[in-house]
Each structure stands twice: as C-alpha cells, then as structure tokens.
Amino acid sequence: MWQRSHKCSLEEEKKLELRLGPPGEEDSYNEKSMKNVKKERDESQPSCTNLTNKSQKRNATSPVVGWPPIRSCRKNIASGSSSKPLTESQHVGQEKVATSNKPISNSGKDLFVKINMDGVPIGRKVDINAYDSYEKLSSAVDDLFRGLLEAEINLSDNNKQEEDKGIMMKGSLIGSGEYTLVYEDNEGDKMLVGDVPWHMFVSTVKRVRVSKSSDLPAFNPGSKKD
Amino acid sequence: MKNRNATKPRNYPLSELQSHNPDHVLEIVLETVLQFLTSRRDRNAASLVCKSWWRTDALTRSELFISNCYAISPRRVVSRFSRILSVTIKGKPRLADFDMLPADWGAHFSQWLTAFSTAYPWLEKVHLKRMSVTDDDLSLLGDSFAAFKELVLVSCEGFGTPGLAAVATKCRLLRVLDLEESLVDINVSDYSGIVDWISCFPEGETHLESLVFDSVFSPINLEALEKLVARSPSLKRLRVNGHVKIFHLYRLMHIAPHLTDLGTGSFDVPEDTEDDELVFESPFAASKSLVCLSGFRDILPEYLPDIYPVCGNLTFLDFQYADIIDTDQIKSVVSRCHKLQTLWVRDAIFDEGLQVVAQTCKDLRELRVYHLHASDGVEAPVSEVGLEAISRGCRKLQYIMFFCQRMTNAAVVALSRNCPNLVVFRLCIIGRYMPDALTQPPMDEGVGAIVMNCKKLTRLDVSGFLTDRAFSYIGKYGKLIRTLSVNFAGDTDLGLKNVLQGCTNLQKLEIRDGPFGDGALCCGLQHFYNMRFLWMSSCKVTRQACQAIAQTLPHLVLEVINTAQDPVDDVELLYMYRSLDKPRDDAPKLVTVLH
C-alpha cells in the first residue's frame, strides 16, 4: 500500500507514496462522509452503507441538469436515432448503404437490395442477410419507411428527423395489411414476398417494393408471411 | 490621421531623435521596444511599471483579450486602447454549454460592436466565445470594418444564415470564417428562411484560408461551394457540414488538393444513390498535405478504408462523431496514425482500442475520450485498463480528458507517473460519487498523485467519490493550477478552504453539487480579486453570505439564481466575478445581481 513520506519538501520529492488513513478507519469514515454529502440532496438514494456494491445502484437517480457534461448540440449532432447502439449490428433505424462495388471491410457477407415504397421517391437499401425470417424483414422495413412516409406527409425532404420518430404512425404499415411487400427475382418475375422459403427468397431476390395493397388486385391483401 | 499598423515599428530618423528632449526620446525608445512584446501577460506586466509605460502600452497594443465580457465596460476599453486590430471576448461561463444557465442569460456582443465600430475602424479580427451574436451584429460588423479578415465564433448563438450572408457579402478581405460548435438559428423542420450564404461570397478570387461550418445544420448550395473553393487558392482549412456527402466532398478535395485540414461532413452517401453511381475515386491517396481530419458525422463504414492512405500523416484526428462504427473499425484507423498528436474519440473505442492507440501513437500529446449518449447499454466501454495502457504508451501526453464509468486510483497514479508532463487532467466518472472501482476507497489518492507528480498541471477537472483529503492535496501541491472544476465531490468546508487558500494561481473555480457553504466561501475573500470567476451551483451557500461578500468587496459582482418557489436561504447558483464596471443591466429575471 501507499505510505506517506514524512519529509515532504518539494525539492526532495522523488517518488511520492500516499497513505490512506489508519486501517479500520476507512469504512466508517466513508460512511460518515457519504451521509454528509447525501444529506438533503435532491437525488434521494437509499443511504448507501455498503460501498462495495456495484455502481449501478447509486447511479439510479433522477436525472440532473448538465450531468454528465455532454453538450446538447453534441447529442443532436449524432444524427439518426438518438439511442444509437455502439455496435453496428444492432443498428436498425437507418440502414446504411453499401454497394457491391466497394470492398466491405469486415462485415462478412452482405446482400443489399434496394427497397422502394409507393409514394416515397427515395428508396432505401437493406441487407437481407441481416435477417433470418420474413417477420424480421417485414418489421425492419416498417421501421425504415414509417419515418420516410411521415416526412413525405410533412413535405420535408430531410430524412433524418428524430423528432418524427416520436409521432410515428400508429400500427405497422405491413402488418395492418395496408401495404404489401413484393419483390422481383433474378428472372425478372414479380413475386409476393413470403411465397417461397426464406433461403430461396434470399438467393433469388433482386429488388423489393412496398406497394399499397389496394394497388395489387392480383394478390390477397393481408396475406401472412412466414 | 494616417492609419498606423501598430505591429510595425515606426521609423524615427536620427535628426528627429536628436532634436527632442531626453524624456521624449525615452518614450520613443519605449514605444519601439514595447512593440516587440506580443504576449498579453507580458504587456499587462509592462503596463504596471509606471504611467509612461502604461500609456505606451495603451498606444501600441494591437490585440485585446477580454476574458469576461462583464468585467469591464466597452467604453472604458476603447478609451484606454486606441489602436486595436484584434479582439477576443469570452462571455458565458463554461457550464452554460450544459444547459445550466437560462437561455437569455446575456453576453451580448452588440454593445461591444457598437463601441468598436467607431473606435477601431481598422479592426481585422474578432474571436468570440460563448457570446450572443445577432444577424444585425454580423451585418454591422461587415459595414464597420473595411479591413476585416478573421471571424471566429466558438459556442456562440443568436445568429442565422442571414448573418452569415452579410459577412460573406461585405467582408471582401475575409480570410477566416470559423463557426465552431455555434448554434446557427435554423428552422430544422422545413428550413424556412434559410439564406444561401455560400453564394454570397464575392466573385473572383477570394482570400479565404479557413472556412469552418460543420455545426451549421442547414443545407448548402453544393454547386456554389464548389465554385467558391475553386476560386479560393489560399484555402487550407475546410470543414463542411453533414449535408455534404462523400460524392461532393471528394469533388471538393480534387478541386483543393492542398488542404491541410479537412472536416468531412457526413462521410455518407445521399439516400437515393444508385449502385452504379457509387464508384468514387478516393482523393485521400493523392493528398500529401492533409494533417488534420475531422467530421464523419454520419459515417458509412464501407468508406472508412478510403482514409487509410492519409492516416500516416495525420497529427490531428477528431473521430468523436463517428458513432456507428465499431471498435474494430476505429482500431483500423488509429493503428495507422503513427504521427498522431491529438486524438478525439468516442468511448466506442473501448479499452482495446485505447491499447492500439498506446502502441501506435507514441507522439500523442492530447487525448479526449468523449461519451455521447447517456445510456449506451454497454457497461464501461473504457475504464482504468484503457487509461493505464495509454499512460504506458503515450509518455508525451499533456492533455487528457476521459469520460468513463469506472476508474481506479492505481490507474490514475500510474498516469501521473508515466506522464509527468500533463498540463490538463479532466476525469469525468459518469456515475456520481463513484469510488475506486476495484478496491472501493475514495479516488483521493489518484487525484493526489496527479497534483503531486504532474508539476506543470494548470487545469484539473475531477469527479468521483472524493473526500477532504483530495482537496488538501490539491491545495498543497496544485500551485500552478489556474482552472479547477469539482463535480459532485467533497466532504466539508475544509475542502474548499484548502483550495482557496492553497492554490495561489487559481483563476477559475467551478463547483457543482458540493457540500461547501458560507464558511468555506468566506475563506477566499483575500483571493477573489485575483480570480476571473467562481461558479458554485447546488452547494450550501446562502444568500446572506453572498450579500455580505458583495458589500465587503466592491469590485466583485455576485450573480445569484434561485428558481425555488419558496424563498430559501441556499442559492442554487452563484456566479461571481471581478469587475471594474457597474453591475450589468441585461440580466434575465431569474438572475439577481448583487453588488
């Protein structure tokens, strides 16, 4: 442990070693000081006599203005959704574009197909390999386009609207049956998404379209996709 | 009257010197000599020698530095200094950045501008930090100063694109337009009222050397920007905003191959990009001059390898906004940056990324590890492990700012020993009152080691569980400390007392959520005139004490904020500063100015 040296003139300091008070004094000292500090605080926490518990309990407090000290413009600048996870694989809200032309550094095999939606001039790209079922794909597409559709309604051409996510349209676009996923396969045929087993879909899909169900008389609106 | 460039010494013919009396000759000599004094601290010292030195300094000083816009009145400044060419003014205290002051708090540039526009018609440079600047101000600035060259606005607000358009239009000799972290007033939902300020720069060759607008969140006329860059042969620094996507960024880089400092904007592709449009030839490989890189506000990871060719030349890398890339991708970049001296990065770098930095960036002087989101779902991406690795690898470190969720005394002590040249130590342990994560005692010993071993330390920012002992160390050893920030720490009044009495060079003291009260505050009476300001929020200082201090020290202004409904004794916020001016009259209702 650290020992405090007694001759502490600054010129003679070579290696400084520090001592924490006499043994045994610490725990009660800490307890006392904790109580001093915690008295009459707004962030009322259970009086914490046991300091060895993990930090989480003491952090579970009412939010405090200006803490942690992160500039609000920094929070806004982090464009896209405000709750961005650290790893890309969890990132669903705004799928980033990748192309077959550019070498992809280390993300494994990607299969990006373009998705267009009726009424939305700007298409998106989705990595089909990031999903393993029609349901997940469907819900991801829902998330993708809800924001865009909202933006279209607001006559705005800025897609990165975090605040719009707060006033999202109720219910899902596809689950409700109002829209249907169709796709074009490698032979140029237009197919209903969900007709073939998932792995076959993945190997043949070329582009996907989110169409208004009322515009597709040939298909049964609200057909289930597995 | 002839416009005299005060930085050039006047030429006195010998006959003129011989014909004057000795006193006058002395003055001329003094004037000539003083013009070589450029540091403001040297000049301040010189001006205190005697009246004639004071006068001479006033006549020859060309750079004005006002560290607190309320410490002095504009009228008094212009009556003392007659030949100012460059002005720097700081306004709001730093903690205003974190929403701790009401929005209309003050720090208005207008009254300064009014004074300068008549007194300094040849003003060339204006640098403002945390001031409130309006579009009208910017327009008046353009009208008032024919030789205007440099406008730098850091963390300012109150102006919009019309103001920028006015500057672009009117300041024909403009070399520098830097808007750093400044909130430009823009209606983000529909961008109404946006002025295409980029198109307002005059036709023909410009003098632009630096153009920074990465925090201006409005769409930009990309074509006009390209043309502007094409006719700005002196442009060395260009930091664009997130509306500039990779395609246009690369075109700009091709047009301006001699850039030394680039802010990449979004580093992303537009949404409706087709597959076959996405073959971009990366200009980074050809760039020999680029040493500073920043931006990446919406980064598309697939393009990250494009920047690899320049990494080996970089001395400055700001990666703090690159928030969807993962640790491996960050590592792939930093592992190539052998010459890096300054790195700003997010805690997404993880400890393992910091280890790569430690192995690669042997020249590192400054490291900032930011934390962007309150809850990332990942516990302690960076910790004592990363800090210790950095301390072992980057021995030349002078500045460290570290956001983390856990830290140990041992790591901080190691840092103090391995990096004795530290000048700035800022540790933000996000959870409040956090003790040593491994052994649980307070973080006192770590702080103590820093102030003891880092003998050049001038700025200290502490958090975590700290007792009076930490403050006694600070007071005893922190003799060079000028800026001290204390967050959620402290035990009793003794802590603050030790600091106020021990830190003889203390200029700026910020305390938030501490246990310190009137007793401690009054220990600093001897010291307050030497300080720029004192900030105490959510402490135990009473209004009566503030009133008493205000009456005792006439040149001290105490601004008190109390939002509580019932009249309570404790003030929520005390902002105290020395001032040679009468108390300000532009404070919002929430603020009571005691004087």
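Description of the structure in this document. Treat the numbers as computed from the prediction; the structure is a model and nothing was measured.

**A few points about the overall build of chain A**
A count of helices and strands for chain A gives six helices and five strands. Along chain A, helices and strands appear, N-terminal first, in the series α-α-α-β-β-α-α-β-β-α-β. When burial is assessed residue by residue, chain A has 45% of its 226 residues classed as buried. Total accessible area on chain A is roughly 13,000 Å²; 51% of this is exposed by carbon and sulfur atoms.

**Observations regarding helix α17 (residues 468–477) of chain B**
Burial analysis of α17(B) places seven of its 10 residues in the buried class, the great majority of the element. Along α17(B), the positions that sit buried rather than exposed are D468(B), A470(B), F471(B), Y473(B), I474(B), G475(B) and Y477(B).

**What about the packing of helix α2 (residues 22–34) of chain B against helix α4 (residues 51–60) of chain B?**
Residue and element names in this part refer to chain B. Contact geometry of α2 with α4 gives a least axis separation of 10 Å together with a crossing angle of 50 degrees. Considering the angle they form, α2 stands oblique to α4. Classified by chirality, the crossing of α4 by α2 is right-handed. Contacts from E27, L30, E31 and L34 of α2 reach α4 at S52, W53, R55, T56, D57 and T60. Each residue belonging to the contact of α2 with α4 can be placed in one class, and the counts come to three nonpolar, three polar and four charged.

**Focus: the packing of aromatic side chains**
Residue and element names in this part refer to chain B. Scanning the entire structure with this criterion turns up 22 aromatic pairs over all chains. Ring geometry for F316 versus W344: centroids 5.3 Å apart, planes at 75 degrees, classification edge-to-face. In this pair, F316 sits in strand β12 (residues 316–318) while W344 sits in strand β13 (residues 342–346), placing the two residues 28 residues apart along the sequence. Each member of the pair, F316 as well as W344, is classed as buried. Each residue in the set Y70, W105, F533, W535, Y575 and Y577 is aromatic and connected to the rest through ring pairs, giving one cluster. Positioned above the aromatic ring of Y308, the side-chain terminus of R336 is 3.6 Å from the ring centre.

Cut-offs and rules
Residues numbered from 1 in each chain as written. Chains lettered and ligands numbered in written order. Predicted model: local features only at pLDDT ≥ 70, side-chain atom pairs only at ≥ 80, totals over all residues. Heavy atoms only, no water. Helix = DSSP H or I, 4+ residues; strand = E, 2+ residues; numbered from the N terminus. Buried < 20%, exposed > 50% of the residue type's maximum accessible area, 1.4 Å probe, protein only. Areas by Shrake-Rupley, 256 points an atom, 1.4 Å probe, with all protein chains shown as cover. Axes fitted to C-alpha atoms, helices over the stretch in contact; angles between N-to-C directions. Parallel < 35°, antiparallel > 145°, perpendicular 65-115°, else oblique. Left-handed = near helix turned anticlockwise from the far one by under 90°. Contact = heavy atoms within 4.5 Å. Nonpolar A, V, L, I, M, F, W, Y, C, P; charged D, E, K, R; others polar. Phe/Tyr/Trp six-rings, centres within 6.5 Å; stacked < 30°, edge-to-face > 60°. Lys NZ or Arg CZ within 6 Å of the ring centre and 35° of its normal.

Any functional reading would require information beyond the geometric quantities listed.
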